[in-house]
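Single-letter residue listing:
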Amino acid sequence: MEKLSAEKNHFLGIAAHDLRNPLAVIMAYSEFLESDAEGGFYEEQREFVATIRRTSEFMLRLVDDLLNVSTIESGQLRLDLQPADLAGQVAHNVHLNSTLAAKKAITISFEPPALSVLLSYDAGKIEQVLNNLIGNAIKFSHRGTRVTVRLTYEDGSAMVAIEDQGQGIPEADWPKIYQPFSNVSVRSTDGEQSTGLGLAICRRLIEGHGGRIGVVSEVGQGSTFFFTLPLDAGHPVESSRNE
């Protein structure tokens, strides 16, 4: 079984890698055509090009997620642990997602701690986690609601919590959401697509750092996803955020 699993992961990695480049080319050319479509295309043709761009973009995200799963499941996950300012990174990711939130009239805010703490973690991997969790909060929330991101330090850990005012998740579905391609009852509120792999990848990345990920949710009231990172991994140094 271990041998078959290893072969499966190897094949998945090769297939996803080989699919990525042609998909990236399709998306790049469709973006070029879309930007140049106003003067030379009929409305129906512009819709066709936009559909090609959206579909290829989604497929590229799926391939990237499959590559991540293949790497993680094969035991080849490597973390580049470096001292970094988690508060600054969270603030930057909130800013990046503010445009996505604005499209649904969702207010997104970040409540930073009084002090910033430098700790050792893989900034690229945590950026991936932040983008997924904050993006999901927007994706599964109704228009005109609020998303609040908080960062706290306690009990030897840094904790990031993303609270939304969305649909909420039935408690019976909580264990399923971290399983690849899991079938849960909650759907995005504006037809946004999902690869079904994001939370599974987030869980493995956070656990690889020695942290944990979880959710507290009530149907009709919203959800709060959170993850922790250990403070003692990098011998954190406090610095003021009054600059």
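Refer to the structure printed above.
Owing to the predicted nature of the structure, the values given are computational and were not obtained by experimental measurement. Within any chain, residue numbers begin from 1 and follow the written order of that chain's sequence. In view of the model being predicted, local features appear only for residues whose pLDDT reaches at least 70, and side-chain atom pairs are presented and counted only at 80 or more, with totals across whole chains, interfaces and linings using the full set of residues. The side-chain values count all of the structure's non-hydrogen atoms but skip hydrogen atoms and water molecules.

Peer 1: Can you explain helix 5 (residues 123-139)? Please cite residues and give values.
Peer 2: For the purposes of this entry, the term helix denotes a DSSP run of H or I that reaches at least four residues, the term strand denotes a run of E that reaches at least two, and both are numbered from the N terminus. Helix span, expected: 1.5 Å multiplied by one less than the number of residues in the helix. Compared with the 24 Å implied by 1.5 Å per residue over 17 residues, the 23 Å span of helix 5 between its first and last C-alpha is a close match. Turning to helix 5, its buried residues are Ile126, Val129, Leu130, Asn132, Leu133, Ile134, Gly135, Asn136, Ala137, Ile138 and Lys139. N-cap assignment for helix 5: the residue whose side-chain oxygen lies 3.1 Å from the backbone N of Gly124 is Asp122. Categorising residues by exposure relies on relative accessible area from a 1.4 Å probe, with only protein chains included: less than 20% of the type maximum marks a residue as buried, more than 50% marks it as exposed, and the intermediate range marks it as partly exposed. Pairs of N or O atoms within 3.5 Å make up the polar contacts considered here, provided that, within protein, one atom can donate a hydrogen while the other can accept it, and that residues adjacent in sequence are counted only when both atoms are side-chain atoms.

Peer 1: Account for the environment of Asn68, naming residues and giving values.
Peer 2: Structurally, Asn68 is set in helix 3 (residues 43-73). On the basis of relative accessibility, which here comes to 24%, the residue Asn68 falls in the partly exposed class. Once the C-alpha coordinates of Asn68 and Ile201 are considered, the two residues, 133 residues apart in sequence, prove to be 7.1 Å apart. Residue contacts for Asn68: discarding those within four places in its chain leaves Gln128 and Ile201. Any two residues having at least one pair of non-hydrogen atoms within 4.5 Å are treated as being in contact.

Peer 1: Explain the pattern of salt bridges to me, and be specific about the residues and the numbers.
Peer 2: The term salt bridge refers to a side-chain nitrogen of Lys or Arg lying within 4 Å of a carboxyl oxygen of Asp or Glu. For the coordinates displayed, the defined rule picks out five salt bridges. Ionic pairing is found between Arg150 and Glu111, a salt bridge with its closest N-O pair at 2.9 Å. With Arg150 in strand 4 (residues 146-154) and Glu111 in strand 2 (residues 107-111), this residue pair connects regions lying 39 residues apart in the sequence. Arg150 sits in the partly exposed class, given a relative accessible area of 31%. By sharing partners, the salt bridges in this structure join Glu111, Arg150 and Glu163 into a single network.

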